[in-house]
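Topology and contacts: notes
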Amino acid sequence: MTKHYELIHPKTHLRVLSRYEIQQLREVGSEIHELVRRCCYAVLSAGSQSDNYLELKEEFRNFNIQVQQEDRGIVLSLKNPPQSAFVDGEIIRGVREQLFSVLRDVLYAQESILKAHRFDLNNGEDITNAVFHLLRNANVLKPDRLPNLAICWGGHSIPRNEYQYTKDVGYQLGLRGLDVGTGCGPGAMKGPMKGCAIGHAKQHNRDGRYIGITEPGIIATEAPNPIVNELIILPDIEKRLEAFVRLAHGIVIFPGGPGTAEELLYLLGVLSHPDNQQIPFPIIITGPGETENYLRAIDRFIGTALGATAQQRYKIIIQDAEAVARTLKNGIDEVEQYRKTNNDAYFFNWALTINDDFQLPFDPTHDAMSALCLSKSLPAHKLAAHLRRAFSGIVAGNVKEVGIERVKKHGPYQLKGDKEIISSMGELLSAMIQDGRMKISGDYTPCYVIDSHNKGDHQ
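Please read all numbers here as calculations on a predicted model, not as lab measurements.

**Side note on the overall build of the protein**
Scanning the protein from N- to C-terminus turns up 18 helices and 14 strands. C-alpha extents for the protein along the principal axes are approximately 65 × 50 × 45 Å. Buried residues in the protein amount to 59% of all 459 residues. When the accessible surface of the protein is summed, it comes to about 19,000 Å², and 46% of that surface belongs to carbon and sulfur atoms. Separation of charge centres in the protein, based on 51 positive and 55 negative side chains, amounts to 3 Å.

Okay, here's the thing in structure tokens:
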């Protein structure tokens, strides 16, 4: 195979690195080099419609990246990069910026957060401070802006009509001056950003923000979409989820797969904590008319597992993009008033109490998945934490390298719990499979087995 090289210079941030940082990046096979290589390849693959890890791994094999020091700063040397990232031999500017965002976030997380031991990452308060420092280093915290960030969650594998609806909602949000943040990938993560960009353009808003928040375990199969103009890579899924809820002023949830269910359970679990009952946090679950039965199934699952109080934290709006945007805008106005009255920061929600159960990284081994306590004997916010981990494990088994390899070696994960909860969970997962929400293409083989005849361990 003919080797193809590209040299990329930074245009905005991270123009200089220390000799130590460059040495870390040059050590081929080191943890940091491999992490940077993986994330940079994902960025260069923006627009890919594959979430098949094994296919992507084969394409990734011949790619490499080196960091070189020049008199004027640094330059990236790319070996066999995907040519979709280039136009007439020039790298797309948004892709260039995302490449250097990868270096910025991976180096800072590894050297200043994880290895420097500045924070005790087994302590909830320190974890929150670490998330704050990561976001501040990425320059995503804007203290001079009023609340206007709508976080949009939803599936990466969705049909065309659902994608169009996410664009319609994003357009209405953009017309009302709201910015959009998503998980940065395709599908319901790309649609709202694209629609919002058009809404901003019509309002001559040239400062629109399209924030993509991801983590190394997911970025390979959910490459950042090209609309993202602020990419942030958090070290793991738990810190990514905390970044979402600390940054958000309101959240819109579109139909999705187990990853979207994980996000919803995380959010409702956090808001179910007694300390968070009075904090305004607008949440809207929405989709086109064809998805109503599916969205009602999610609502029934939440009612079965977490109860009516959790259901009252969100509104369901079907096939009405304008109503979604108006309702969210009104809710964000309430958030602004609450934070102003209580002297809380607009740019980072310090007031939320987030338990360790939602902050400490969960490693979805087969033993850990089978040991989850999916029982109504737990308080709602504790049960939500265990359910969130169950769906997180399914995401890992579907699209993350470590999860896929474990399932190949040891077979599907075993999930057990109270019959009512586990049966409702099984029905929801079956609906996801039937609707094609697990994978973009190809037949889906479940990475889990639902056992509705065993009660969970009520510890």
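**Comments concerning the pairing of strand β6 (residues 149-153)**
Taken across its five residues, β6 has five buried, putting it largely inside the fold. With burial as the criterion, each face of β6 is covered, one bearing Leu149, Ile151 and Trp153 and the other bearing Ala150 and Cys152. Judged from the three bridges that link them, β6 and strand β7 (residues 179-182) form a sheet pairing that is parallel. Within the sheet, the bridge partner assigned to Leu149 lies in β7 and is Asp179. Taken together, β6, helix α6 (residues 160-175) and β7 constitute a β-α-β crossover, and its handedness is right-handed.

**So, the packing of aromatic side chains**
Two aromatic rings, taken as a pair, are described by how far apart their centres are and by the angle between their planes. Tallied over the full model, the rule gives eight aromatic pairs. Centroid distance Tyr41 to Phe63: 5.2 Å. Interplanar angle 55°. Geometry classified as tilted. With a gap of 22 residues between them, Tyr41 in helix α2 (residues 31-44) and Phe63 in the loop between α3 (53-60) and β2 (64-70) connect regions that are remote in the sequence. You'll find Tyr41 and Phe63 in the same group, each marked buried. Considering the side-chain rings of Trp153 and Phe244, the 5.5 Å spacing of their centres and the 80° angle between planes classify their relative orientation as edge-to-face. Of this pair, Trp153 sits in strand β6 while Phe244 sits in helix α9 (residues 237-247), and the two are 91 residues apart along the sequence.

**Observations concerning the environment of Ile233**
Structurally, Ile233 can be placed in strand β9 (residues 230-233). Looking at Ile233, the relative accessible area reads 4%, which means it is buried. A C-alpha to C-alpha distance of 22 Å links Ile233 and Arg145, two positions 88 residues apart in sequence. Residue contacts for Ile233: discarding those within four places in its chain leaves Cys39, Val102, Asp105, Thr214, Glu215, Pro216 and Ile219.

**As for the environment of Pro282**
Among the structural elements, Pro282 can be located in the loop between α10 (258-271) and β11 (283-287). Separated by 45 residues in the primary sequence, Pro282 and Thr327 have C-alpha atoms spaced 8.3 Å apart. With sequence-adjacent residues up to four places away left out, Pro282 is seen in contact with His249, Gly250, Ile251, Leu328, Gly331, Ile332 and Val335.

**Regarding the sheet that holds β6**
Strand pairing in a sheet relies on backbone hydrogen bonds, with the paired strands running either antiparallel or parallel. What the seven strands build is an open sheet, ordered β9-β8-β7-β6-β10-β11-β12; its pairing is parallel. Each edge of the sheet is formed by a strand with only one pairing partner; in this case those strands are β9 and β12 (315-318). Neighbour-to-neighbour, the strand axes of the sheet open up by a mean angle of 25°, direction not taken into account. Across the sheet, helix α7 (residues 191-202) touches β6, β7 and β8 (210-214), and the angle it forms with β8 is around 160°. On the sheet, α10 packs against β6, β10 (250-253) and β11 and is oriented at approximately 155° with respect to β11.

**A word on the nonpolar core**
The biggest cluster of nonpolar side chains holds 82 residues, and the ones touching the most others in it are Ile302, Leu306, Leu387 and Met425. The element best represented in this core is α10, accounting for eight residues. With sequence-adjacent residues up to four places away left out, Met425 is seen in contact with Phe301, Leu374, Leu387, Ala390, Phe391, Ile394 and Leu415. Formed by 57 residues, the second largest nonpolar core is a distinct cluster that contains Phe63, Val67, Val95 and Val252.

**What to know about the packing of helix α16 (residues 380-399) against helix α18 (residues 419-434)**
Packed helices, taken two at a time, are described by the angle between their axes plus the distance between the axes. In the contact formed by α16 and α18, the axes pass within 13 Å of each other and the chain directions differ by 35°. The crossing of α16 and α18 is right-handed. Only Ile421, Met425, Leu428, Leu429 and Met432 of α18 make contact with α16, whose side of the interface consists of Leu383, Leu387, Ala390, Phe391 and Ile394. Of the residues belonging to the contact of α16 with α18, the class tally is ten nonpolar, no polar and no charged.

**Concerning unusual backbone geometry**
Of note in the backbone geometry, Asn80 takes a positive phi value of approximately 55° without being a glycine. Positive phi, close to 50°, is recorded for Asp88, a residue that is not glycine. Relative to the elements of secondary structure, Asp88 occurs in the loop between β4 (86-87) and β5 (90-91).

**Focus: the pattern of salt bridges**
It is possible for side chains bearing opposite charge to pair when their charged atoms get close. This structure, assessed with the given rule, holds 19 salt bridges. The partner of Arg406 in a salt bridge is Asp363, and the shortest N-O contact between them spans 2.8 Å. Here Arg406 is found in helix α17 (residues 401-410), whereas its partner Asp363 is found in the loop between α14 (356-359) and α15 (366-370), with 43 residues between them in sequence. Sharing partners across several salt bridges, the network here consists of Glu162, Asp435 and Arg437.

**A closer look at α2**
For α2, which comprises 14 residues, the first-to-last C-alpha distance of 20 Å matches the rise-based estimate of 20 Å (1.5 Å per residue) to within 8%. Taken across its 14 residues, α2 has eleven buried, putting it largely inside the fold. Looking at α2, one finds that the buried residues are Ile32, His33, Leu35, Val36, Arg37, Cys39, Cys40, Tyr41, Ala42, Val43 and Leu44.

**Let's talk about the packing of α10 against helix α11 (residues 292-306)**
Where α10 meets α11, the axes come as close as 12 Å, and the angle between the chain directions of the two elements is 40°. Regarding the angle of α10 to α11, the classification is oblique. In the packing of α10 onto α11, the handedness of the crossing is right-handed. On α11, the residues touching Leu264, Leu265 and Leu268 of α10 are Ile298, Phe301, Ile302 and Leu306.

Reading the values: the criteria
Residues numbered from 1 in each chain as written. Predicted model: local features only at pLDDT ≥ 70, side-chain atom pairs only at ≥ 80, totals over all residues. Heavy atoms only, no water. Helix = DSSP H or I, 4+ residues; strand = E, 2+ residues; numbered from the N terminus. Buried < 20%, exposed > 50% of the residue type's maximum accessible area, 1.4 Å probe, protein only. Areas by Shrake-Rupley, 256 points an atom, 1.4 Å probe, with all protein chains shown as cover. Lys, Arg positive; Asp, Glu negative; His and termini not counted. Charge placed at Lys NZ, Arg CZ, Asp CG, Glu CD. Pairing = 2+ DSSP bridges. Right-handed = clockwise from strand over helix to strand, strands pointing away. Phe/Tyr/Trp six-rings, centres within 6.5 Å; stacked < 30°, edge-to-face > 60°. Contact = heavy atoms within 4.5 Å. Axes fitted to C-alpha atoms, helices over the stretch in contact; angles between N-to-C directions. Core = buried A, V, L, I, M, F, W, Y, C linked by side-chain atoms within 4.5 Å. Left-handed = near helix turned anticlockwise from the far one by under 90°. Nonpolar A, V, L, I, M, F, W, Y, C, P; charged D, E, K, R; others polar. Salt bridge = Lys/Arg side-chain N within 4 Å of Asp/Glu carboxyl O. Expected span 1.5 Å × (residues − 1). Parallel < 35°, antiparallel > 145°, perpendicular 65-115°, else oblique.

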